[in-house]
Amino acid sequence: MQQAVDSISIATRGQGLYEATRDLRAFVAGSGISTGLVTIFVRHTSCSLLIQENADPDVQIDLQGFFRRLVPEGMDWLVHTTEGPDDMPAHIKAALTQTSIGIPVTEGRPVLGTWQGLFLFEHRTRPHRRELVFHIIGD
Amino acid sequence: MQQAVDSISIATRGQGLYEATRDLRAFVAGSGISTGLVTIFVRHTSCSLLIQENADPDVQIDLQGFFRRLVPEGMDWLVHTTEGPDDMPAHIKAALTQTSIGIPVTEGRPVLGTWQGLFLFEHRTRPHRRELVFHIIGD
Amino acid sequence: MQQAVDSISIATRGQGLYEATRDLRAFVAGSGISTGLVTIFVRHTSCSLLIQENADPDVQIDLQGFFRRLVPEGMDWLVHTTEGPDDMPAHIKAALTQTSIGIPVTEGRPVLGTWQGLFLFEHRTRPHRRELVFHIIGD
């Protein structure tokens, strides 16, 4: 049984989904582990993780459209407004999605379905550097 | 330290919650692992996983009622509509719930609470075959 | 490779966020594991887990404000109402957040970002005792 940890940095350019599936696959392959569990963790509270369809980019547009409507800027009851109108909505969107995801690994690959991709979901408007930590354990 | 991986297939017959607690318990028991971590992963983007009350079936009815109201069919701003009116709402509902869940294992059993059950949450209308992957690691 | 499991009990006094970061750090440090994966699991279906900002308490106020508005008491279509007006909304809020969270561990600490804290998110009005299970595996 062995394990490996690494982190990657993603430079975001505004709200949207940034695919990290290739980075994940490279980390798993590089670990030399054939069977195990890989975990992805994002070290921030105004962006999040999502496994979603990576075939039709319209899915990503609609996902953003839904979250923008569900958690709009300008809700007048918000108290935490000092970091900009997009900050508290970003925390809420992060709370509604995920901070960590675990995926079984077989034959040296995460068992993602045919249409599943791993995405960083950026909820802030301005550019940010986002750190994702990968951990894998197995044989 | 050892590990095991297996997958099960669930045939869904429309939107709803399909309990998989028994399959999970059987997988954990069959692994021979007494203390460890079990992870459940679903390989699709229009259904998801949920740990929820399995005592009163009305809870499941209300959970579906809420998600149907929060993410209704027919939102006229959607772009991804070619796979049917239930497809994009299904992706959104999946994004709002979980794709993977990790549960500690002690005494050969997942530490689910008294009222907790593991459910596959199907968001599509037509029948589908859904694959869940189980991974366990421990002693 | 080794592992450890422990549980803590949190006495909640109504709806709100209860920070458990210190308990998590103590568990990881006490395990003697330097590199690995720690998992937090909550054994209930009307409270949940959240990793969110622990710097400005207003963020916690707004998170609660959002979920209270998104899932209000008194939705007249609910069927499961026998356990009180806050019970079914609590299940729904739990379904929208997390029951388990995995965090990589390096140098004997969970890799939480600077502003990230681990919270128990209580959705019920009356006091409850809530059990969180911690599991860690690694070297």
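In case you missed it, the structure is sitting above this.
Presented here is a report on the structure given in the accompanying data block. Remember, predicted model here, so these are calculated numbers, not experimental data. (Residues numbered from 1 in each chain as written. Chains lettered and ligands numbered in written order. Predicted model: local features only at pLDDT ≥ 70, side-chain atom pairs only at ≥ 80, totals over all residues. Heavy atoms only, no water.)

A separate point is the overall build of chain A. Within chain A one finds 3 helices and 8 strands. Starting at the N terminus, the α and β elements of chain A follow one another as β-β-α-β-β-α-α-β-β-β-β. Taken along its principal axes, the extent of the C-alpha atoms in chain A is 50 × 30 × 20 Å. In chain A, which comprises 139 residues, the proportion classed as buried is 63%. Sequence-distant contacts, at least 24 apart, represent 84% of the contacts inside chain A between residues at least 6 apart. For chain A, the accessible area works out to roughly 5200 Å², and carbon and sulfur atoms hold 46% of it. Averaging the coordinates of the 12 positive side-chain charges in chain A and doing the same for the 16 negative ones gives two points 4 Å apart. (Helix = DSSP H or I, 4+ residues; strand = E, 2+ residues; numbered from the N terminus. Buried < 20%, exposed > 50% of the residue type's maximum accessible area, 1.4 Å probe, protein only. Contact = heavy atoms within 4.5 Å. Areas by Shrake-Rupley, 256 points an atom, 1.4 Å probe, with all protein chains shown as cover. Lys, Arg positive; Asp, Glu negative; His and termini not counted. Charge placed at Lys NZ, Arg CZ, Asp CG, Glu CD.)

Counting residues in hydrophobic clusters, the biggest one holds 48 residues, and the most contacted among them are F66 and L96 of chain A, F66 and L96 of chain B together with F66 and L96 of chain C. Excluding residues within four positions of it along the chain, L96 of chain A makes contact with F67, L70 and V71 of chain A, A95 and L96 of chain B together with F66, F67 and L96 of chain C. (Core = buried A, V, L, I, M, F, W, Y, C linked by side-chain atoms within 4.5 Å.)

Let us look at the pattern of salt bridges. Residue and element names in this part refer to chain A. Within this structure, the stated rule accounts for 12 salt bridges over all chains. Of the charged contacts in the structure, one is a salt bridge between E122 and R130, with a shortest N-O distance of 2.7 Å. Taking the relative accessible area as the measure of exposure, R130 reaches 4% and is therefore buried. Among the charged side chains, a salt-bridge network with shared partners connects D86, D87 and R124. (Salt bridge = Lys/Arg side-chain N within 4 Å of Asp/Glu carboxyl O.)

Viewed as axis vectors pointing N to C, helix α2 (residues 57–70) of chain A and helix α3 (residues 87–96) of chain B meet at an angle of 65 degrees, and their least axial separation amounts to 10 Å. Considering the relative orientation of α2 of chain A and α3 of chain B, their crossing is right-handed. Together, V59, D62, L63, F66 and F67 of chain A of α2 of chain A and M88, H91, I92, A95 and L96 of chain B of α3 of chain B make up the contact between the two elements. Of the residues in the contact of α2 of chain A with α3 of chain B, the class split is 8 nonpolar, 1 polar and 1 charged. (Axes fitted to C-alpha atoms, helices over the stretch in contact; angles between N-to-C directions. Left-handed = near helix turned anticlockwise from the far one by under 90°. Nonpolar A, V, L, I, M, F, W, Y, C, P; charged D, E, K, R; others polar.)

When chain B is fitted to chain C, the residual RMSD is 0.0 Å, and the transformation amounts to a turn of 120 degrees plus an axial shift of 0.0 Å. On this basis, the relationship between the two copies can be described by a three-fold rotation axis. No C-alpha of chain B lies nearer the rotation axis than that of L96 of chain B, which sits 3.4 Å from it. Comparing interface residues between copies, only 20% of those in chain B also lie at the interface in chain C; the contact surfaces differ. (Least-squares fit on C-alpha atoms with pLDDT ≥ 70 in both.)

Contact residues are listed per partner, giving 35 residues for chain B and 32 residues for chain C. Buried surface at the junction of chain B and chain C, both sides included, amounts to about 2700 Å², of which 66% is carbon and sulfur. Sorting the residues of chain B by area buried against chain C places M1, D62 and F66 of chain B first, and these three jointly supply 22% of that buried surface. On inspection of chain B and its partner chain C, the count reaches 0 salt bridges. There are 15 residue pairs in polar contact (both at pLDDT 80 or more) connecting chain B and chain C. Of the residues forming the side of chain B that touches chain C, the biggest block, 10 residues, is contributed by helix α2 (residues 57–70) of chain B. Classifying every residue of the side of chain B that touches chain C gives 18 nonpolar, 11 polar and 6 charged. (Buried area = accessible area lost by both parts, 1.4 Å probe. Polar contact = N/O pair within 3.5 Å; in protein donor to acceptor, adjacent residues only side chain to side chain.)

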